[in-house]
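Observations on the model geometry
One letter stands for each residue in the lines below.
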Amino acid sequence: NVYTRDRTIVNAGIVHNYYISEMMLYKNNQFSQWANDWLCFGPHVYVDHMLTDKIALRIGTGPQFTYANGKKEKENVPVIWEHNLEVFTKFGLFAGLDWLSFTGLKDDLSSKMRFRRTDIKIGYRFTM
């Protein structure tokens, strides 16, 4: 914990993730599927804030820098931003959004490209 108050906690740390991506790129005068896998690490910051005694909100963000990939790509290497928004209860129920933004990719039509992926999650966490 980096910062704490009565109802707010700020956490900071390092994340490590593995992503598999597939996208359409325009290269050599044709569209083609471009797939790769990425090993990434980077800083991540979470803020947890209690809205009531039973419900809390979590917001997180951070860049992830790729350091390896399955196709040994050296030129078209993205920076992946991960963002999280979640509402959770003391009873274990939660709902949230995770979204990824791939930046720094290029093809023959654009000097800058950005791809996004959004996941909706609803669930229950077991605690022991």
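This text follows the structure it describes.
Residues numbered from 1 in each chain as written. Predicted model: local features only at pLDDT ≥ 70, side-chain atom pairs only at ≥ 80, totals over all residues. Heavy atoms only, no water.

**What to know about the pattern of salt bridges**
- What the rule picks out here adds up to six salt bridges.
- When the shortest N-O distance is used, the salt bridge between Arg-58 and Asp-48 registers 2.6 Å. Within this pair, whereas Arg-58 is found in strand S4 (residues 55-69), its partner Asp-48 is found in strand S3 (residues 30-50), the two being separated by 10 residues in sequence.
- For Arg-58, a relative accessible area of 25% gives the class partly exposed.
- Relative accessible area serves as the criterion here: at 12%, Asp-48 is assigned to the buried category.
- Between Asp-98 and Lys-121 there is a salt bridge; the shortest N-O distance is 3.3 Å. Residue Asp-98 is located in strand S6 (residues 93-107), and its partner Lys-121 is located in strand S7 (residues 110-124); the two are separated by 23 residues in the primary sequence. (Salt bridge = Lys/Arg side-chain N within 4 Å of Asp/Glu carboxyl O. Helix = DSSP H or I, 4+ residues; strand = E, 2+ residues; numbered from the N terminus. Buried < 20%, exposed > 50% of the residue type's maximum accessible area, 1.4 Å probe, protein only.)

**A look at a nonpolar patch on the surface**
- A surface patch of nonpolar side chains, amounting to about 610 Å² of accessible area, comprises Val-45, Val-47, Ile-59, Leu-85, Leu-97, Ile-120 and Ile-122.
- Mapped by element, the contributors of at least two residues to the nonpolar patch are S3 and S7.
- On the basis of relative accessible area, Val-47 is assigned to the partly exposed category, the value being 31%. (Patch = residues over 30% accessible without salt bridge, like charges linked within 9 Å, V, L, I, M, F, W, Y side chains within 5 Å. Areas by Shrake-Rupley, 256 points an atom, 1.4 Å probe, with all protein chains shown as cover.)

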